[in-house]
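Listed below, chain by chain, are the residues.
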Amino acid sequence: MFKRIGVAACIISFIMFIYIGRLAWLQLMPGSSSAAVLSPQASRGGWQRLSVLQRQRNLVLDTGRGDFYDRHGVPITGETYSAVALFPVRKDTRGEMKDVRELSGLLGVNVEQLQQRWDAVREPVFWEVEGQRHPLRLTEAQAKRIKELKLNGIRVLPYRNRYLPQFDAKHLIGFTSQHPEWLQAEHADELASGKRKLAEQVGGSGLEKSLDKLLHGVGATSVSYFIDGQNAPMHGLDMRITQPGNPYYPLKAMTTIDLKLQNEIEEYVDKQGMKEGAIVVLDANNADIVAMVSRPQLKPGQFQSSDGSEWSNHALKAVAPGSVFKLITEAAALETGVASQHETFTCSGEYGKYGLSCWKEGGHGRLTLQEGLAQSCNIAFATIAERLKASELQQVADALGVGRQAGWHRDHAFGPFGGPLRLLEEEEGGQLFAAVGSSGGSAGGVGSAGELHEGLKSVGEGNERSGGNGVAMGSGKKSEQSGNGNDGNDVKSEQSGNLEKSEKRSGKQAAAQKALDRAAMLAAVDGGVLAQSGIGQRDVRMTPLQAANLIVTLLNDGRVMEPRLVSEIRYANGQRMVKLPAQRAQAISGRIKPATAHALRRGMEAVVDHGTGRSIRQGLWAVAGKSGTAETTRAGIARNHQWFAGYGPVKKPRYAIAVLVENKPPGSSHQATKLFRGVMDIAARISSQEGS
């Protein structure tokens with residue numbers, strides 16, 4: 001008897017010992033499951049933590065992402081409002097039916113609809129109206145009454161909405177979206193440590209993307225609601241708010257945008273029916289971007305494809321500039337001395353070769369170079385273009401900052417940025433001539449919205465033709481080398497040194513290859529290519545941002561600036577984190593003479609006074625500029641790109657503006673010129689209001 005009891009006791013003790021050992025293993029060993037699911041710092045006591053997590057339901061109130069502000073400190077992103085949150089609690093524990101009924105009325109649904117949606121809740125969610133992408137915005141009275149209801153699993157909480165409903169989303173700001181593959185590739189360590197989560201929102205385009213690492217912040221603010229194993233509320237625990245303890249975050253990105261001007265321009269172009277195109281407004285003194293409008297509209301969360309076309313910023317897309325490029329051709333002619341302002345040309349309407357003709361039937365007759373610009377005469381500009389060498393035209397384009405990315409950037413790490421920074425990552429570089437061996441299409445993303453006609457005929461200001469397709473100029477190949485894999489610190493140091501030398505050699509080789517490609521490209525340019533390129537046709541590509549910056553360069557006597565979109569990053573308390581100063585363009589070789597810039601400004605004044613832009617003489621400010629039209633095709637149908645780039649007021653320029661209206665039917669009125677006048681009048685009116 002006692003023997004059997006002893007054996008049973010031993011067996012029970014052995015089983016208990018196994019259970020105790022297993023519990024100790026789970027709780028204390030660093031390689032246990034708790035260590036696998038928790039960070040190293042949280043592994044001790046991990047199962048207690050997990051048991052708490054099992055009983056709580058979390059809802060993110062604010063991601064902690066930094067916001068954008070305009071030049072006057074007005075918020076472009078970010079607002080907080082009261083919303084209703086539903087937590088998954090059992091139906092019989094929610095409260096009295098009369099309160100549920102009143103809640104349904106406050107939410108605008110019947111009781112059955114409320115209960116049905118509540119029953120389906122598995123994780124905490126904000127209440128949304130069907131068809132809307134954001135939680136229902138509560139009035140102060142609604143929020144107060146819901147708080148007074150004695151219901152479990154319902155709370156009125158502050159919701160942080162990123163994109164403000166009172167105006168359209170901005171292409172320059174961009175959008176955020178989930179991108180787990182990118183997070184795994186770029187932030188594996190932060191994911192492992194719990195600092196970032198696969199489901200979080202990251203920048204998808206615009207400044208949201210280029211400044212993502214800073215804007216991400218230091219953590220989200222969330223609310224926890226505690227329930228028991230049967231999904232009943234745990235009374236006494238209620239809710240717990242968890243938020244980062246760093247008072248310096250979220251950050252504030254201070255942009256150069258004037259939000260009032262930006263919004264009024266957007267409203268104006270939509271009323272005028274601009275379906276596709278862009279408008280860029282730059283500060284005439286330092287090239288700061290004051291407004292940047294792109295159409296079609298950006299609609300975050302409603303994209304139907306993933307090819308990027310729905311969020312493409314047309315202000316940064318390079319297309320054929322047409323006669324706007326004649327400003328550069330004239331600059332090259334004056335700089336090299338192949339023509340003078342007062343030289344006389346004869347335009348009969350036909351150039352006599354290359355199939356090139358003027359846009360005006362019968363021609364312009366006899367006219368000077370300045371009048372040639374005012375009347376946008378193809379014959380005069382094809383003539384002076386053929387007098388130039390390809391290298392001379394390319395050199396002046398380079399000196400004016402054309403054919404390269406224009407936006408503000410740094411090639412090296414600075415401040416909180418651990419590497420190079422380009423604020424406008426999507427910006428295309430444009431080009432003057434196509435690379436040797438190109439057979440159509442566009443490289444590096446440079447090209448027009450549709451395939452451009454091949455051939456040599458151009459029809460100037462009224463209906464200009466672009467032949468061929470663009471290819472990015474001279475791309476060098478980067479070679480990669482690595483040292484031998486030996487052990488020891490000395491060997492590693494030697495490897496590091498070898499790698500640096502290898503990278504330098506690789507850089508030199510790339511530069512040498514680029515120079516060879518450039519030389520071959522220029523050598524392949526003949527008279528026909530020069531004649532077409534000189535009037536902004538064939539392979540010439542330019543973005544609206546570059547066109548506006550060209551005007552700023554001419555207003556500043558040839559000094560090329562880099563258009564800036566962000567002036568500084570601030571901490572949450574307003575203290576400056578880093579300044580992004582206005583700066584001159586980097587690696588620009590040469591500069592045109594002030595006299596050349598002056599001559600071009602006088603020519604642009606003549607365009608509006610009595611030339612192709614005379615329809616916009618009347619307005620709040622006297623303006624000057626240059627129009628352009630380039631023929632293209634879209635889905636095999638003939639279309640025109642319309643341009644106007646200029647400045648105002650003439651006597652004391654404040655803004656440089658470029659307007660591009662894409663894919664208009666041939667024979668349409670020149671909408672870009674009309675929009676330029678309208679945008680300048682909006683700017684003049686707002687400036688007057690600010691000054692009064």
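Source: prediction; values computed, not measured. (Residues numbered from 1 in each chain as written. Predicted model: local features only at pLDDT ≥ 70, side-chain atom pairs only at ≥ 80, totals over all residues. Heavy atoms only, no water.)

Asker: Got a minute to help me understand the sheet that holds strand S5 (residues 154-163) in this structure?
Answerer: Two pairing modes exist for strands in a sheet, parallel and antiparallel, and in both the strands are linked by backbone hydrogen bonds. Pairing within the open sheet is antiparallel, and its 3 strands lie in the order S4-S3-S5. At either margin of the open sheet sits one strand with a lone partner, and together these are strand S4 (125-126) and S5. Where strand S3 (residues 77-86) and S5 come together, 9 bridges link them in antiparallel fashion. Looking at the pairing, Glu-79 lines up with Asn-161 of S5. Lying over the sheet, helix H6 (residues 140-148) contacts S3 and S5, oriented at roughly 145 degrees with respect to S5. (Pairing = 2+ DSSP bridges. Helix = DSSP H or I, 4+ residues; strand = E, 2+ residues; numbered from the N terminus. Contact = heavy atoms within 4.5 Å. Axes fitted to C-alpha atoms, helices over the stretch in contact; angles between N-to-C directions.)

Asker: Could you clarify how one ought to interpret helix H5 (residues 111-119) in this entry?
Answerer: In an α-helix there are 3.6 residues to a turn, and that puts residues three or four apart on one side. Regarding H5, the residues found buried are Val-111, Leu-114, Gln-115 and Trp-118. Angularly, the buried residues of H5 cover 95 degrees about the axis, an arc narrow enough to put them on a single face. Set apart from the buried face of H5 by more than 90 degrees, the exposed residues are Glu-112 and Gln-116. In this fold, the buried residues of H5 make contact with S3, helix H4 (97-107) and S5. (Buried < 20%, exposed > 50% of the residue type's maximum accessible area, 1.4 Å probe, protein only. Arc of directions from axis to C-beta.)

Asker: Just to check I follow, could you spell out the side chain of Thr-93 for this structure?
Answerer: Secondary-structure assignment places Thr-93 in the loop between S3 and H4. From its side chain, Thr-93 meets the backbone oxygen of Arg-90 in a polar contact 2.8 Å long. (Polar contact = N/O pair within 3.5 Å; in protein donor to acceptor, adjacent residues only side chain to side chain.)

Asker: Looking at this structure, how should I read the packing of aromatic side chains?
Answerer: Working definition: an aromatic ring pair is given by the centre-to-centre distance plus the angle between the planes. Taken as a whole, this structure holds 9 aromatic pairs when the rule is applied. Here the basic side chain of Arg-117 rests over the ring of Trp-127, its NZ or CZ set 3.7 Å away from the ring centre. Across from the ring centre of Tyr-81, 4.1 Å away, lies the NZ or CZ of Arg-137, which sits over that ring. (Phe/Tyr/Trp six-rings, centres within 6.5 Å; stacked < 30°, edge-to-face > 60°. Lys NZ or Arg CZ within 6 Å of the ring centre and 35° of its normal.)

Asker: How should I be thinking about the environment of Trp-621 in this particular structure?
Answerer: Examined against the element boundaries, Trp-621 turns out to sit in the loop between helix H19 (594-610) and strand S19 (624-634). Of the residues examined, Trp-621 reaches a relative accessible area of 15% and is grouped as buried. Separated by 59 residues in sequence, Trp-621 and Met-680 have C-alpha atoms that sit 7.5 Å apart. Not counting the four nearest positions on each side in its chain, Trp-621 is found in contact with Gly-648, Pro-649, Arg-654, Tyr-655, Arg-677, Met-680, Asp-681, Ala-683, Ala-684 and Ser-687.

Asker: What is the right way to read empty space enclosed by the protein from this model?
Answerer: To find leftover empty space, one rolls a probe the size of a water molecule over the atoms. Here the structure, examined in full by the defined rule, presents 2 cavities of 30 Å³ or more. There is about 60 Å³ of room inside the largest cavity. In terms of lining residues, the largest cavity is bounded by Ile-76, Thr-77, Tyr-163, Leu-164, Phe-167, Asp-168, Ala-169, Lys-170, Ile-173 and Gly-174. Here the lining of the largest cavity is built from residues that sort into 6 nonpolar, 2 polar and 2 charged. By volume, the second largest cavity amounts to about 50 Å³. Every residue lining the second largest cavity is listed: Gly-401, Arg-404, Gln-405, Ala-406, Asn-549, Val-560, Met-561, Glu-562, Ala-585 and Ile-588. The class makeup of the residues in the lining of the second largest cavity is 5 nonpolar, 3 polar and 2 charged. (1 Å grid on protein atoms, 1.4 Å probe; cavity = no way out; pocket = protein on both sides within 12 Å on 5 of 7 lines; lining within 4 Å. Points joined across faces, edges and corners; volume = space filled by probe spheres on them. Nonpolar A, V, L, I, M, F, W, Y, C, P; charged D, E, K, R; others polar.)

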